[in-house]
Amino acid sequence: MAAQCVTKVELTVSCDHLLDKDIGSKSDPLCVLLMNSSESRWFEVARTEKVQNCLSPKFAKKFVIDYYFEIVQKLRFGIYDIDNKTVDLSDDDFLGELECTLGQVVSSKKLTRPLMLKNKSPAGKGTITITAEEIKDNRVVNFEVEARKLDNKDFFGKSDPYLEFYKQTQTGWQLAHRTEVVNNNLNPTWKPFRIPLQSLCGGDMDKPIKVECYDYDSDGSHDLIGSFETTMTRLKQASRTSPAEFECINSKKKQKKKSYKNSGVVSVKLCQVVKEYTFLDYIMGGCQINFTVAVDFTGSNGDPRSPQSLHYISPQGINEYLSAIWSVGNVVQDYDSDKMFPAFGFGAQIPPTWQVSHEFPLNFNPANPFCAGVEGVVEAYRACLPQVKLYGPTNFSPIINHVACFGKQAVQQTTAAQYFVLLIITDGVITDMDETRSAIVNASRLPMSIIIIGVGSADFSAMEFLDGDDGCLRSLTGEAAMRDIVQFVPFRQFKDAPREALAKNVLAEVPTQLVGFFNTMKLLPPTPNNPPQNPSGTI
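Conventions and cut-offs
For every chain, the first residue of its written sequence is number 1, and the numbers climb from 1 along that sequence. Where local features are concerned, this predicted model is filtered to residues with pLDDT of at least 70; where side-chain atom pairs are given and counted, the filter is 80 or more; whole-chain, interface and lining totals use all residues. Side-chain measures were taken over the full set of non-hydrogen atoms in the model, leaving aside hydrogen atoms and water. Helix axes are fitted to C-alpha atoms over the stretch in contact, other axes to C-alpha atoms as well, and angles between N-to-C directions run from 0 to 180 degrees. Helix numbering and strand numbering both begin at the N terminus, where a helix is a DSSP run of H or I of at least 4 residues and a strand a DSSP run of E of at least 2. Oblique is the label for any angle not covered by the other classes, which are roughly parallel (under 35 degrees), roughly antiparallel (over 145) and roughly perpendicular (65 to 115). Here a crossing is called left-handed whenever its near helix is offset anticlockwise from the far helix by less than a right angle, and right-handed whenever the offset is clockwise. Between two residues, a contact is recorded if the distance between any of their heavy atoms is within 4.5 Å. The classification used treats Ala, Val, Leu, Ile, Met, Phe, Trp, Tyr, Cys and Pro as nonpolar, Asp, Glu, Lys and Arg as charged, and all other residues, Gly among them, as polar. One fewer than the residue count of a helix, multiplied by 1.5 Å, yields its expected span. Working definition: with a 1.4 Å probe on protein chains only, accessible area under 20% of the residue-type maximum means buried, over 50% means exposed, and in between means partly exposed. Whether two strands pair comes down to DSSP finding at least two bridges between them. We define the nonpolar core as a collection of buried residues of types Ala, Val, Leu, Ile, Met, Phe, Trp, Tyr and Cys that are connected through side-chain atoms lying within 4.5 Å of one another. Polar contacts, as counted here, are pairs of nitrogen or oxygen atoms within 3.5 Å of one another; within protein the pair requires one atom able to donate a hydrogen and one able to accept it, and residues that are adjacent in sequence qualify only if both atoms are side-chain atoms. Think of a salt bridge as a Lys or Arg side-chain nitrogen and an Asp or Glu carboxyl oxygen that are within 4 Å of each other.

Draft legend 1. Examining the packing of helix α8 (residues 397-411) against helix α9 (residues 433-443) more closely. Their axes nearest at 9 Å, the elements α8 and α9 cross at an angle of 15°. The angle between α8 and α9 places the two elements in the roughly parallel class. The element α8 and its partner α9 pack so that their crossing is left-handed. Within the contact between the two elements, α8 uses S397, I400 and N401 and α9 uses E435, T436, A439, I440 and A443. Split into classes, the residues belonging to the contact of α8 with α9 amount to four nonpolar, three polar and one charged.

Draft legend 2. A look at helix α7 (residues 373-384). If you check α7, its first and last C-alpha atoms are 17 Å apart, about what 12 residues at 1.5 Å a residue would give, namely 16 Å. Within α7, the full set of buried residues consists of G373, V374, G376, V377, V378, A380, Y381 and C384. Lining the buried residues of α7 we find β17 (288-296), α6 (320-332), β18 (340-346), β21 (360-361) and β22 (370-372).

Draft legend 3. Highlighting the sheet that holds strand β23 (residues 389-390). The three strands lie next to each other as β20-β19-β23, forming an open sheet whose pairing is antiparallel. Both edges of this open sheet fall to β20 (355-357) and β23, since each of them pairs with a single strand only.

Draft legend 4. How the structure looks around the nonpolar core. Core analysis: the largest hydrophobic core is formed by 90 residues, its most contacted members being L11, L75, F77, V106, F297, I453 and L507. Apart from the residues lying within four places of it in its own chain, the contact partners of F77 are L11, V13, C31, V32, L33, F63, G96, E97, L98, C100, I128 and I130. One finds V141, L150, A244 and V273 within the second-largest nonpolar core, a separate group that totals 32 residues.

Draft legend 5. Seen up close, unusual backbone geometry. The step from P351 to P352 runs through a cis peptide bond, and the omega angle for that step is 0°. Its place among the elements puts P352 in the loop between β19 (348-350) and β20. In this model, G392 is joined to P393 through a cis peptide bond whose omega is -5°. Within the secondary structure layout, P393 lies in the loop between β23 and α8. Even without being a glycine, N53 presents a positive backbone phi close to 45°.

Draft legend 6. Representation of the environment of R76. Within the secondary structure, R76 is located in strand β5 (residues 74-81). On the accessibility criterion, R76 (17% relative accessible area) is buried. Spatially, the C-alpha atoms of R76 and L200 are 39 Å apart, while their sequence positions differ by 124 residues. Those residues in contact with R76 that lie beyond four places of it in its chain are V32, L33, L34, W42, E97, L98 and E99. At a separation of 3.1 Å, a polar atom in the side chain of R76 contacts the side chain of E99.

Draft legend 7. Representation of the pattern of salt bridges. Under the defined criterion, the tally for this structure stands at 16 salt bridges. Ionic pairing is found between R437 and D434, a salt bridge with its closest N-O pair at 4.0 Å. Linking R437 with D434, this pair stays in helix α9, spanning three residues, or about one helical turn. For D434, a relative accessible area of 35% corresponds to the partly exposed category. Taken together, the shared-partner salt bridges connect R76, E97, E99 and K118 into one network.

Draft legend 8. Structural context of the sheet that holds strand β9 (residues 139-148). With antiparallel pairing, four strands are arranged side by side in an open sheet as β12-β9-β16-β15. The two strands at the open ends of the sheet, each matched to only one other strand, are β12 (193-196) and β15 (244-247). Between one strand axis and the next, the sheet turns through 35° on average, direction left out of account. Bridge count between β15 and strand β16 (residues 265-275): four bridges; the pairing is antiparallel.

Any functional reading would require information that these geometric values do not contain.
And the structure:
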């Protein structure tokens, strides 16, 4: 599983038209933030300061919380009129509260909602406004570097030089980046490379940076050619017409030889600090995540009327298909403003002609296959089930290509306005594996991710193959996927886990996939938070 997309988000809170609970003066409000743990218990995260005599407070103290895309993070903002010095809020007047998710806040960027009382009635005309901002130095440094007249360390042939960049820390020098090796060349030009500013100098332009130049040896006994120290302030002065040049000094040689000058010169032709947009930059900048569901109606699921069938809906109203739809849909819906989700079935004979279809709308309306929210998808699935005949085969490529068509249209736009997530829920082995591989390779060049959830107890080893974690997926003709866009999980692994565990696992890679795609395509958020000074994103 990929690393969780965790970042820190700063929430700023203000209120308007609060209830006035004080006689002779105005309320003295404070805001408390509670979060909901997976055990459905609310716990306090932090409080703002108290604002004296004010019905429209702007709180100076901000809330800083960790943000995870793959979890529904429930928040409750409570506003209290503080009349005493006790920590307990139960003896203070309650002015209203708002329950929402962190996903709603970050995708709105600025969320204004009415405050509610405990009985769910409005707290007068009181409103709360929450503004979200990501806390992160997400700048990277683009380098173009060459060297000349490096010392020759090899008896046969010439040195094979590479560079290492080090960040100064309290415990010594920490490696930040290593370039590739340029073979047999004393005047090398390295490929352009990038180093996160955080890794190189912690964002401090005057912090020392050490660069070492080595001659590569396959046995690991790399010889130091020479080194130098510099800072970002100095490096940033580099340009192609006037490179920043540094003498490579080998201290051992310098001590031995009086006439020693240097062991070569490293020339920095480009050192450009740029802002690399993050997942939250895209979401807060207006990127919409479009969620499509595809459900497997092949015969191997079993007769839906039989309790042994994977489509059998229990007396409690659930089955594995419904659980998967709820779990993943609940997270993704916060990032789609209209919350209208296309939902399809595949592998069934459908009325009125009883032809097999591999992409039929669950609501049987091809012109408008959209369902209102996750609830709408669930309702459409339940209504569709008794009307179709489960059949086969299990073909994935038609539905992948269907969503890819929308991805192709989105790529025509000049900004990162839309990203597509396709959830396929299936019980078995894919019949059209070659076509599916080609469809995924094509989709890897589009703003799209595919999540496959396997229900039941079938052998899903072929699905693991599509999830390119252990190498690059290729089409039948040998064409490689541009990036890994498939995440597969068997539902059975999560049968006894909390409901949010499944979503957490399958959605963990989506933020990295989205950012990787838009950064590679050099697409900016529709409304960037802090627009770069020029189109290349230089700061």
